[in-house]
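Inside the fold
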Amino acid sequence: MSEGECTTAAAPLPTAARPANRRWLVDLVLLGMLWGASFLFMRVGAAEFGALPTAAVRVAIAMLFLLPLLFMRGQWSSFRQYWKPALGIGVLNSGLPFAFFCFALLTINSGLAAVINATVPMFGALVAWRFFGERPDRSRGIGLVIGFAGVAMLAGRSAGLQSGADEAAARWAIGACLAACICYAFAASLTRKHLSGVPALATATGSQIGATLALALPALWLWPATMPSLQAWLALIVLGTACTGLAYILFFRLIETAGPARALTVTFLVPVFALFYGAVFLGEEITQWMLICAVVIVCGVALSTGLVKLGRRQSAPA
């Protein structure tokens, strides 16, 4: 499970039951911590491995982590039945977006990438409107405008750049982040269309297998000439096992216990943790402009996903 795949996994699942207790809050916070940390580990890994090799190693480790669970839970037959769409969607669901984010993190800070990643539900709403005819209501339409205005505000300034990076490189990096978000959005709709009702673990494992197969040859071609350090390898191991494999399990459990709508609120936690990790462990600067844009984007996401609705005006009695 990636840091932006909440819409992808949630799409084919039924609206879940109400939570019987508050344990789901613990899962929600843990998931936000893991997905927030993924940007930190991607930046550490990409600095030595490069963008494509980092993404390839991540999905390969996640695949090796999830495959035994697939057999243990007896869901191999489900994967075999739907392996073609599962592998194909995996390229959009994991392979391409992971590579895009790794490329972006060579230029911009992890916190900035996580803030842009929060736009995934907005792109999901646009794709659902275009391909499923789910026309957004007034609140969601306003949310889309607000959210994309926040992205434009971020792109208009050089806040969140790594030292030595210029504004032209920053625009390419932000474009790569947005491309990753668009990939997640299309993957969500395709999952809904072709993998509805398939066990989530089978879909998740198939996604990582497909991404691994797609990235293997390009990653070998671009493999660094110098062996990356132990720190970089450890970053990718944690990224693949905890931030991808374990995060999948937590997210699917969260959907079952709290429902897709509550699970989607993890989108708001991920940038918070990513900004914190980047500042503490990488010395990244958190500017006032980044925080303002983050608030604008989060408000747009809350409206565009229907988590918050604008009140309707009531006509005064005659």
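Residues numbered from 1 in each chain as written. Predicted model: local features only at pLDDT ≥ 70, side-chain atom pairs only at ≥ 80, totals over all residues. Heavy atoms only, no water.

Right, let's talk about the pattern of salt bridges for a bit. A complete count under the given rule lists 1 salt bridge for this structure. In this structure, E284 engages R43 in a salt bridge whose closest nitrogen and oxygen atoms are separated by 2.3 Å. Of this pair, E284 sits in the loop between α13 (266–281) and α14 (288–304) while R43 sits in helix α2 (residues 23–49), and the two are 241 residues apart along the sequence. With relative accessibility at 17%, the residue R43 sits in the buried group. (Salt bridge = Lys/Arg side-chain N within 4 Å of Asp/Glu carboxyl O. Helix = DSSP H or I, 4+ residues; strand = E, 2+ residues; numbered from the N terminus. Buried < 20%, exposed > 50% of the residue type's maximum accessible area, 1.4 Å probe, protein only.)

Once that is clear, we can look at the side chain of T205. Tracing the backbone through its elements, the reader meets T205 in helix α10 (residues 200–221). Taking relative accessible area as the criterion, T205 reaches 0% and is therefore assigned buried. Excluding its chain neighbours within four sequence positions, the residues that come into contact with T205 are L66, L67 and L70. (Contact = heavy atoms within 4.5 Å.)

For the rest of this paragraph, the subject is the packing of aromatic side chains. Counted according to the given criterion, the structure contains 12 aromatic pairs. Each ring, one from W35 and one from F251, has its centre 5.7 Å from the other, and the planes form 40°; the classification is tilted. Here W35 is found in helix α2, whereas its partner F251 is found in helix α11 (residues 230–258), with 216 residues between them in sequence. Neither residue differs from the other here; W35 and F251 are each classed as buried. Geometrically, the ring pair formed by F123 and F148 is edge-to-face, given 5.0 Å between the ring centres and 75° between the ring planes. (Phe/Tyr/Trp six-rings, centres within 6.5 Å; stacked < 30°, edge-to-face > 60°.)

In this section: the confidence of the model for the protein chain. Taken residue by residue, the protein chain gives an average pLDDT of 83. The fraction at 70 or more is 85%. For residues 6–20, every residue scores under 50 in pLDDT, and the model assigns this stretch 43 contacts once sequence neighbours within four places are set aside. (pLDDT = per-residue confidence, 0-100.)

Here the focus is the packing of α2 against helix α5 (residues 83–104). α5 packs onto α2 with a crossing angle of 70° between their chain directions and a minimal axis gap of 9 Å. Overall, the two elements α2 and α5 adopt an arrangement that is roughly perpendicular. Handedness of the crossing formed by α2 with α5: right-handed. Contacts between α2 and α5 pair F39, M42 and A46 from the former with F98, F101 and C102 from the latter. Here the contact of α2 with α5 is composed, by residue class, of 6 nonpolar, no polar and no charged. (Axes fitted to C-alpha atoms, helices over the stretch in contact; angles between N-to-C directions. Parallel < 35°, antiparallel > 145°, perpendicular 65-115°, else oblique. Left-handed = near helix turned anticlockwise from the far one by under 90°. Nonpolar A, V, L, I, M, F, W, Y, C, P; charged D, E, K, R; others polar.)

So, on to the nonpolar core. Core analysis: the biggest nonpolar cluster contains 92 residues, and L31, F39, F101 and I116 have the highest contact counts within it. Considering each element in turn, this core owes the most residues, 14 residues, to α11. (Core = buried A, V, L, I, M, F, W, Y, C linked by side-chain atoms within 4.5 Å.)

For the rest of this paragraph, the subject is a nonpolar patch on the surface. On the surface, a nonpolar cluster with roughly 300 Å² of combined accessible area is contributed by V26, V29, L30 and M33. Within the secondary structure, M33 is located in helix α2. (Patch = residues over 30% accessible without salt bridge, like charges linked within 9 Å, V, L, I, M, F, W, Y side chains within 5 Å. Areas by Shrake-Rupley, 256 points an atom, 1.4 Å probe, with all protein chains shown as cover.)

In protein structure, a disulfide is the covalent linkage between the sulfur atoms of two cysteines. Taken as a whole, this structure holds 0 disulfides when the rule is applied. Here C181 stays unpaired: no disulfide links it, and the sulfur of C177, its closest cysteine neighbor, is 6.9 Å away. (Disulfide = S-S within 2.5 Å.)

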